[in-house]
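The chain contents come next:
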Amino acid sequence: MHALRQEILPASGVEFATSLNLTPSTLPTSSNISTRHEFVSRVLCNLVVARSSLLRIFEVREEPAPIQFEADDERERRADVRKGTEAVEGEVEMDEQGDGYINIAKYVPQKTPVHIATVTRFYLIREHCLHGIVTGIEGVKIVTSLEDNLDRLLVSFKDAKIALLEWSDAIHDLVTISIHTYERAPQLLALDSHLFRAELRVDPFSRCAALSLPKHALAILPFSQSQAELDVMDQDQSQARDIPYAPSFILDLPAQVDQNLRNVIDFVFLPGFNNPTIAVLFQTDQTWTGRLKEFKDTVKLIIFTLDIATQNYPVITSVEGLPHDCLSILPCSTSLGGVVITSTNALIYVDQSSRRVALPLNGWTARISDLPLLPIPPAEQSRKLFLEGSRSVFAGDRTFFLILKDGTVYPVEIVVDGKTVSKLTISPPLARTSIPSVAKSIGPDHIFIGSTVGPSVLLKAAHVEEEVGKDQEMDTAPTAVVQEDDDMDYDDDDDIYGGSKVVTNSSTKGLVNGQNTAIKTRTVIHLSLRDSIPAYGPIASMAFSLAKNGDRPVPELVAATGSGPLGGFTLFQRDLPVLMKRKLHIIGGARGLWSLPIRQSVRASGISYEKPVNPFQADNDTLILSTDINPSPGLSRIAMRAAKNDIAITTRIPGTTIGAAAFFQRTAILHVMTNAIRVLDPDGTERQIIKDMDGNMPRPKIRACSISDPFVLIIREDDSIGLFIGETERGKIRRKDMSPMGDKTSRYLTGCFYVDTTGLLEKNYENAVSPTVATSTLQAAMNSDNKGQWLVLIRPQGVMELWTLPKLTLSFSTDGLSTLQNVLADSHEPATLSLPQDPPRKPQDLDVEQLLLSPIGESSPRPHLCVFFRSGQLTIYELVPAGQPSEPVEKARASHLNVIFVKIASMAFEIQRQEEGEKSIIAEQKRISRNFVPFVTSPAAGVTFSGVFFTGDRPNWILAGNKSGVQIYPSGHSVVHAFTACSLWESKGDFLLYTEEGPSLLEWLPNFQLDGPLPMRSIPRGRSYSNILFDPSTSLIVAASSLQAKFASYDEDGNRIWEADAPNVADPECDCSTLELISADMWTTLDGYEFATNEYINDMACVTLETASTENGIKDFIVVGTTIDRGEDLAAKGATYIFEIVEVVPDPAIAPKRWYKLRLRCRDDAKGPITAVCGFPGYLVSSMGQKIFVRAFDSDERLVGVAFMDVGVYVTSLRTLKNLLLVGDALKSVMFVAFQEDPYKLVLLAKDTKRVCVTDADFFFTDGELSIVTGDEDGIMRVYEYNPQDPDSNDGRYLLLRTEFHSQSEYRTSITIARRNKDDLDIPQSKLLMGSPDGSLSSLTPVDEHAYKRLQLLQGQLTRNIQHTAGLNPKAFRIVRNDSVSKPLSKGILDGNLLAHYETLPISRQNEMTRQIGTERLTVLRDWISLTGPW
């Protein structure tokens, strides 16, 4: 049986981060200040973040703050003030006696510099799913950095590889310089090497990088910093070298540095040394809390220098006697020297002379260590801080922030007395932020805190000089303060709150009456929240629920995500969720809908302009123009709003509309019909009509048009075009001369206008003839907001051209679009000839059917080119500035756009086409128009999305956020004939669609985040959940929350064995659980059940059991298996609980609707933990210790055992299918068991003989075939087969291992869903969805034999023939080491992450690959389309 594994959602959160100048946009430019001396924006640096196999590159951009909404409201209130009477600047300070004049004498000029309010935001540039697991990222400078001043990116991977990458402007992406692999080093041949994680560190001066290896070793990769170093290497080697690194080597620490240097805990490079210098924290003899009487203070620190040339490693400093629980090292700045060591209970500063200064943070430090400690002041005697999971980052030379595992930020100051550090002082908590996994300083004043379990945040730490009051001593003055950032509106969970604290700098300033007066000042750090990268964290459990988008039921995946205070639920839907507001059958619109903001015009001096209205209602639409094909020859309607929010048809026009838009500064409607172009007044009366005639002969019908005030482009059915321009003075349109574009009979496939709102094209336009971009017309002056306008055309040969307007100068030409090349650059060719052919040219599969150049994005949209081919390929390119060309162009065109189009998304659709011969009325009726429709929407206050909607039988939304790439979401409709954004009802978030249900007004469902592959909504609950299930009978969610409670042990007499004897010593904590019954509509808890404080839930299931309370004698019950912890001296116990969900009378004050409660029907105590539960119809299956039991529910009050079986050591997973049972074990792999009722008996059918830790086991079936799929702790997925006919199965007693596949992360929750093909509907195939602790969601889909063979061959082609990011090997990544077989069992599961690259390749490469494997491109794409899709 064959399957395809693909990732639906990538890993969530940030585990590694680094800031560097990677892209040229980070280099300082003079264009940050505009002509009016306004601050435009500047890129501070790049932030590269990674989690598991996902690598993302952001720009950290500082921008002017947006205008506040309060200011908008104020403006709207003042909108009725008569123009010319509003106050001028300075008039506020009028004479208060009421003279009405500005009091010049009292007007004080501004002396202080103007403070520009700015915001700092993340913008995603690029993201990659790598074929490896990232374990570290750093920025380095190499020799070539001297030329371009840019850093290179160094990435380390779990299988001991380091990749060096740099940014390439030519492809707008990362390119690999080199990859260094150590996986064959002797240190990695050990059996336990897979448990080791390779950590990456880089010298502050980029002289070398170090990667930790197993068996106490470091791999050192030296970098050349100057040409001189390269020349030295040239002398050593006969051939010339231009590689930026020297040969790497492995440093065996015990053999080459110090014989005691074993069991490395952490290591860092120290700044300020002439040679690379490393501090290593290690523990030669390991110990634990139970052996502290024999071994304590076992951790040591060694600082040694790397003399790479002489292979000499002298030790500078050696420190012993550090606490056994040390965690990490933080290097101090060069001005201070030394390191700060974090242990679980203390902070220890160690300088180069081995002096130690230790600050205890709780009472345990003195009890577990003999290290001399700083005295604790009486006020801090009760301080209890625990540093497991904490992170530290320096915010100044002597101040660092300590971020605890709950996100609390404490400022710590290193106090220097003379030249030595005298003490460390910790101030009260300053803020509460996200749970940290990494903390990095970005530039001089920003701090990034990355989290794997929730949002990652960017904080600004501004250093401000403040006076210290006379009554306030220097020591008590706050050294850091939190200020609310009022530039941005955040609704993240990581609100910054807090008191105050930073660094003392006393200085004397000021002259009063000629005498010096001492004013004490100190530097205070102000913290403010700037931006965040959203994330939901690990997926602990999943269930499908039935959600309602308005009246429409849709499946919704509910995942228990996050951890601790960032825990809660995340809801995922497949399609972009929309809510129907109303149906509008009266307006029709099956062939097109246009919602337009048309204004009454006023004529003055021969020019018509818009009648002034309140500017805050000016953008709202005023009318809807719709068109239908019935009755023949079509009918167009103009509808306006009537009283009571109804809609009324004001004008009916016979004929079909091809396009309509606001024209002449929104004072008229430009109306294109199949045979004429008309200008209509706002009331629908005709102002002008130009019939599309050639002399007296009618031309072919107009099939498409593009309108951009003042230009109109029409495309006829014979592929000829017409161009018109509006004359504002006359309010009329006229034909425009197209002679620069070639013969007027030239043929074009399609075209569109582009309004350069971002100014990107204008900025990169080079014209050798005249310096000005375009001549200024009256129209251009009136449309000054519009920036430049451009015309995009596609010739039948597949050549795309960009023309300037209104001059019609060719500025960009490329023939790469016809084959969907990855990068489209200007070919500098002249205008292509495209004369009519005889016989007429037939449409081809690779013809561009639709094309649109439009801005897509959130707060600063970027231009994107959307292209749709007749074959069904949808591709999106981003328009970016081109860098400097590597070699000069031979025949450069005088007018040239220095931009490139970079492909960022591509997907294929399977579409049905009508026969070309059909031209009948019925064929015209059936025709589905596929169009790109741009829109701008504001779903919530302060949020604006610019996007594109793709209509037709595969309707999709194309969107992009600031922190996410372009996403393509299905709309959820089977067909959308027409689409328009509509603000007729004064809502900027409305859309008008003509779907299979007719015309309706829709809006997006609120609170959904559109920045991932699936639309998602976060439900924060302030606690995490371990298990979740959906009860189908009541449509309620049952969830088990994970909490922490204080733990105490008692003796036989009930006395506590140990009690905390000091205020700064805490009780231990243990897990505990509550069961919650949650309404899936409002996400409120209806009822709950609290377990004992030492009892927690292991597993939970909805099981059908016998009962006397229902007519049919069976009912669904909620079964819960728990563990009861009793300390380390007593064995753990467990219990099985059976709950029933019952309906109760609701309290009308709380809920007028239905209300439910949990009723405990039975509790069954057990001698051991109940680790897994599931059910056969009418029976409960549970595991306890090494046994599994099948029990019946007797008399609704007790469980009666009917069968049992001895299994492995610790059951982790139970799954049933009919009367078959799968048992997954933590040591004994998987067992396949059957249950019979007469007599009651559990029969072992087969088992796996290998020792494997199974975390989850599932049945996987299709077309009469059954397989068993398991996952283990290392993320290895195994497929087993039960086949008694196979001789290797020992008469069916052993399960046969068929496939092993490395899926990069373990999964602990899975759901089996039905997958139906179009052909058979009897028994569906099964499809598995798996959620991982790294937040990724993946699926396993059955593949039939023929498709599998094609895709398997294609996978081999893709492995060998495309450049993989960071030079990684996708095949080696998926191979599992298994010493009991002769060659890896890698066949059987296809790698969806690799196969997804095929869709995005240029068509020429796609054809080349399929030709080599003896099949066709469309066949392979059809296979792929049938297998993809989340569910």
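The coordinates are above.
Note that the coordinates shown come from a computational prediction; the quantities given were computed from them, not determined experimentally. (Residues numbered from 1 in each chain as written. Predicted model: local features only at pLDDT ≥ 70, side-chain atom pairs only at ≥ 80, totals over all residues. Heavy atoms only, no water.)

Visitor: Just give me the short version of the sheet that holds strand S15 (residues 277–283), but keep the residues and values in it.
Guide: Strand order in the open sheet made by the 4 strands is S14-S15-S16-S17, with antiparallel pairing throughout. Strand pairing shows two members of the sheet lacking a second neighbour, strand S14 (264–270) and strand S17 (315–322), which therefore form its edges. Pairs of neighbouring strands in the sheet enclose a mean axial angle of 15 degrees, with direction left out of account. Note: S14 against S15, 6 bridges, orientation antiparallel. Directly across from Val 268, in S15, lies its bridge partner Ala 279. (Pairing = 2+ DSSP bridges. Helix = DSSP H or I, 4+ residues; strand = E, 2+ residues; numbered from the N terminus. Axes fitted to C-alpha atoms, helices over the stretch in contact; angles between N-to-C directions.)

Visitor: Outline the packing of aromatic side chains, supporting the account with residue identities and numerical values.
Guide: Under the definition given, this model contains 39 aromatic pairs. Seen from their ring centres, Tyr 765 and Trp 790 are 5.4 Å apart, and the 75 degrees between their planes marks the pair as edge-to-face. With Tyr 765 in strand S55 (residues 765–767) and Trp 790 in strand S56 (residues 789–794), this pair connects stretches of sequence that are 25 residues apart. For the pair Tyr 765 and Trp 790, a shared accessibility class is recorded, and that class is buried. Relative to Phe 979, the ring of Trp 957 lies with its centre 5.5 Å away and its plane at 85 degrees, an arrangement referred to as edge-to-face. Of the two residues, Trp 957 is situated in strand S67 (residues 956–960) and Phe 979 in strand S69 (residues 976–981); the sequence distance between them amounts to 22 residues. Judged on exposure class, the residue Trp 957 and its partner Phe 979 are both buried. One aromatic cluster is present, built from ring pairs that chain together Phe 935, Phe 945, Phe 949, Trp 957, Phe 979, Phe 991 and Trp 1004. Here the basic side chain of Arg 61 rests over the ring of Tyr 123, its NZ or CZ set 4.1 Å away from the ring centre. In this arrangement the basic side chain of Arg 201 is found over the ring face of Phe 267, its NZ or CZ atom lying 5.4 Å from the centre. (Phe/Tyr/Trp six-rings, centres within 6.5 Å; stacked < 30°, edge-to-face > 60°. Buried < 20%, exposed > 50% of the residue type's maximum accessible area, 1.4 Å probe, protein only. Lys NZ or Arg CZ within 6 Å of the ring centre and 35° of its normal.)

Visitor: Pulling in residues and values, what's your account of empty space enclosed by the protein?
Guide: What the largest cavity holds in volume is close to 60 Å³. Its residues assigned to classes, the lining of the largest cavity shows 3 nonpolar, 5 polar and 2 charged. Size it by volume and the second largest cavity reaches roughly 40 Å³. Taken together, Ile 721, Met 738, Met 741, Gly 742, Asp 743, Lys 744, Ser 746 and Tyr 748 form the lining of the second largest cavity. For the lining of the second largest cavity, the residue count by class is 4 nonpolar, 2 polar and 2 charged. (1 Å grid on protein atoms, 1.4 Å probe; cavity = no way out; pocket = protein on both sides within 12 Å on 5 of 7 lines; lining within 4 Å. Points joined across faces, edges and corners; volume = space filled by probe spheres on them. Nonpolar A, V, L, I, M, F, W, Y, C, P; charged D, E, K, R; others polar.)

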